[in-house]
Amino acid sequence: MAESIIAGLLRGRLVGPGQIVGSEPRPERREELAGQYGVRMVASNLEAATGADVILLSVKPQTLTKVGHELGGHLRPNQLVVSIVAGANCKVLTSLLEHREVVRSMPNTPAQIGRGMTVWYATPEVTDEQRDQARVLLQALGTDLEVEDERFVDMATAVSGTGPAYVFLVMEALIDAAVHLGFARHIAHDLVIETLEGSTAFAKATAQHPAVLRNMVTSPGGTSAAAIHELESGRLRTVLSEAVWASYRRTLELGADLENGLGLNEGPDVGKLDVGKSDREPAQAANEALAKAPAGRRRGR
Ligand SMILES: NC(=O)c1ccc[n+]([C@@H]2O[C@H](COP(=O)([O-])OP(=O)(O)OC[C@H]3O[C@@H](n4cnc5c(N)ncnc54)[C@H](OP(=O)(O)O)[C@@H]3O)[C@@H](O)[C@H]2O)c1
């Protein structure tokens, strides 16, 4: 993901290679990235962070605490930290880094080809200028949405962050079904990929509700009606909803795990986390906060 951001920033000429310092533990990977992008690569996270205006944290959640302890207490005011680490909430990040100017973001895998969807939240200490810097950085990954309530980042993790996994599973299932019918696998693959891409582009271009588009292809007594009957009998919508809620609960658990690891929680531990469908209140409050967000804060590319 860090490489995707570097590539996107350089491709868009938003910064020059001389303005980027990357840190990476493996010497051969450092050499590879330095050779490919002309950026300076170092072994020490602290060395990379020292003197930087913006610090991007792009390590796995299980590496975060180690890296955080290396940087904690060494950051100076006015440095902006942008994290893309799944589940690491602002409470964890600010406490681990002993630093208040933090942006927590959640991109997704299509970011690797500049077509991602990133939802991000900035702590109140982040200035307007720093928000612009964060926006430019994250737009290197595709479309971005700034939210004014951090709970939306948790929710987005379950929708857009995990979303590609749902889509790939559906893609795989449809390809297998087409193979079962008798298509060669490579043809089944192309039929499904083009159908998914074309349908998405069509929905985007027409801006119609998906139900309207679906009704357009559902003639009385026809093939789509027969297929949709099977999907509804199999509880497709309910299963998808359950999947999103499970992912949301897991996101909160990851955050709680990190908090517990840092001794930040006096109260309920992970096992006692109880977020269910009846827990609508926080979601509603967050929705109201999003609705109040100025339109300029909800920008894509
Ligand atoms: N991939 C996605 O689509 C996606 C989407 C949303 C959020 N995220 C989040 O983005 C973060 C990065 O994910 P990723 O997919 O890019 O993972 P990744 O490919 O494993 O990248 C992590 C990088 O951190 C490096 N690293 C390991 N230990 C380090 C240390 N002590 N100090 C500095 N760097 C270290 C790794 O180096 P080595 O290769 O040498 O081990 C690797 O280059 C994760 O927290 C993930 O939750 C990813």
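Up top is the structure these notes are about.
None of these values were measured; they are calculated from a predicted model. (Residues numbered from 1 in each chain as written. Predicted model: local features only at pLDDT ≥ 70, side-chain atom pairs only at ≥ 80, totals over all residues.)

S.K.: How should helix α6 (residues 128-139) be read in this particular structure?
M.R.: Note on helix geometry: an α-helix contains 3.6 residues per turn, so any two residues three or four positions apart are oriented the same way. Spanning 12 residues, α6 covers 16 Å between terminal C-alpha atoms, matching the ideal 16 Å at 1.5 Å per step. Within the sequence span of α6, burial applies to Gln130, Ala134, Leu137, Leu138 and Gln139. Along its buried surface, α6 packs onto α1 (2-11), β3 (54-57), β4 (80-83), β5 (102-106), β6 (116-122) and β7 (142-146). (Helix = DSSP H or I, 4+ residues; strand = E, 2+ residues; numbered from the N terminus. Expected span 1.5 Å × (residues − 1). Buried ≥ 20, exposed ≤ 12 C-beta atoms within 10 Å, placed from the backbone. Contact = placed C-beta atoms within 7 Å.)

S.K.: What am I meant to see in the packing of helix α8 (residues 163-181) against helix α9 (residues 185-206) here?
M.R.: The axes of two packed helices give the description: the angle between them and the distance between them. Running from amino to carboxyl end, α8 crosses α9 at an angle of 135 degrees, the nearest separation of the two axes being 9 Å. With respect to α9, the axis of α8 lies oblique. Once α8 is placed against α9, the crossing between them reads as right-handed. Each of Met171, Leu174, Ile175, Ala178 and Val179 in α8 lies in contact with α9, whose residues at this interface are Arg185, Ala188, His189, Leu191, Val192 and Leu196. When the residues that make up the contact of α8 with α9 are grouped by side-chain class, the tally is 9 nonpolar, 1 polar and 1 charged. (Axes fitted to C-alpha atoms, helices over the stretch in contact; angles between N-to-C directions. Parallel < 35°, antiparallel > 145°, perpendicular 65-115°, else oblique. Left-handed = near helix turned anticlockwise from the far one by under 90°. Nonpolar A, V, L, I, M, F, W, Y, C, P; charged D, E, K, R; others polar.)

S.K.: Quick question: what am I supposed to make of the site of the ligand here?
M.R.: The immediate surroundings of the ligand are formed by 22 residues, with Met1, Arg26, Val85, Ala86 and Thr109 found nearest. Looking at which element gives the most residues to the shell around the ligand, the answer is helix α4 (residues 61-71), with 4 residues. Its residues placed into classes, the shell around the ligand shows 10 nonpolar, 7 polar and 5 charged. (Near = placed C-beta within 6 Å.)

S.K.: Please clarify how unusual backbone geometry should be interpreted in this entry.
M.R.: In most cases, non-glycine residues show a negative phi, while peptide bonds are predominantly trans. Backbone geometry at glutamate 98 places phi at a positive 50 degrees, although glycine is not the residue there. Here glutamate 98 is to be found in the loop between α5 (90-97) and β5. Positive phi, close to 60 degrees, is recorded for arginine 235, a residue that is not glycine. Mapped onto the elements of the fold, arginine 235 is located in the loop between α11 (223-233) and α12 (236-261).

S.K.: Mind showing me how you'd approach the pairing of β7 here?
M.R.: A regular strand carries its side chains on alternate faces of the sheet. Within β7, 5 of the 5 residues are buried, which leaves it mostly tucked inside the rest of the structure. Of the strand pairs in this sheet, β6 and β7 are connected by 5 bridges, and their pairing is parallel. Across the sheet, residue threonine 118 finds its bridge partner in β7, namely aspartate 144. Considered for its hand, the β-α-β crossover made up of β6, α6 and β7 is right-handed. (Pairing = 2+ DSSP bridges. Right-handed = clockwise from strand over helix to strand, strands pointing away.)

S.K.: Would you explain the environment of valine 244 in this entry?
M.R.: Here valine 244 is to be found in helix α12. For valine 244, a count of 16 C-beta atoms within 10 Å corresponds to the partly exposed category. With 84 residues separating them along the chain, valine 244 and serine 160 place their C-alpha atoms 9.9 Å apart. Once residues within four sequence positions are removed from consideration, valine 244 is found in contact with Ala158 and Val159.

S.K.: I keep staring at the packing of helix α7 (residues 151-161) against α12 and nothing clicks. Help me out?
M.R.: Orientation of α7 relative to α12, taken along the N-to-C sense of each, is 135 degrees, at an axis distance of 8 Å. Between α7 and α12, the angle falls in the class oblique. Handedness of the α7/α12 crossing: right-handed. Contacts between α7 and α12 involve Asp154, Met155, Thr157, Ala158 and Val159 from the first element and Val244, Ser247, Tyr248, Thr251 and Leu252 from the second.

S.K.: Just checking my understanding: could you explain the sheet that holds β6 for this structure?
M.R.: To summarise the sheet geometry, strands pair through backbone hydrogen bonds and adopt either a parallel or an antiparallel arrangement. With mixed pairing, 5 strands are arranged side by side in an open sheet as β3-β4-β5-β6-β7. On the outer flanks of this sheet lie β3 and β7, each paired with one strand and no other. The average angle at which neighbouring strand axes cross in this sheet is 25 degrees, direction not considered.

S.K.: In this structure, what is going on with α1? I would like to understand it.
M.R.: The complete set of buried residues in α1 reads Ser4, Ile5, Ile6, Gly8 and Leu9. For α1, the secondary structure elements touched by its buried residues are β1 (21-23), α2 (27-37), β3 and α6. Following α1 by one or two positions, arginine 13 has its phi on the positive side, about 50 degrees.

S.K.: How should I be thinking about the nonpolar core in this particular structure?
M.R.: A general feature of soluble globular proteins is that nonpolar side chains tend to end up buried together. Among the nonpolar cores identified, the biggest contains 48 residues, and Leu57, Val81, Val119, Trp120, Ala134, Leu137 and Val153 are the most heavily contacted of them. When residues in this core are grouped by element, the largest group, 5 residues, is from α7. Setting aside chain neighbours within four positions, we find valine 153 in contact with Arg104, Met106, Val119, Trp120, Tyr121 and Val147. (Core = buried A, V, L, I, M, F, W, Y, C linked by C-beta atoms within 7 Å.)

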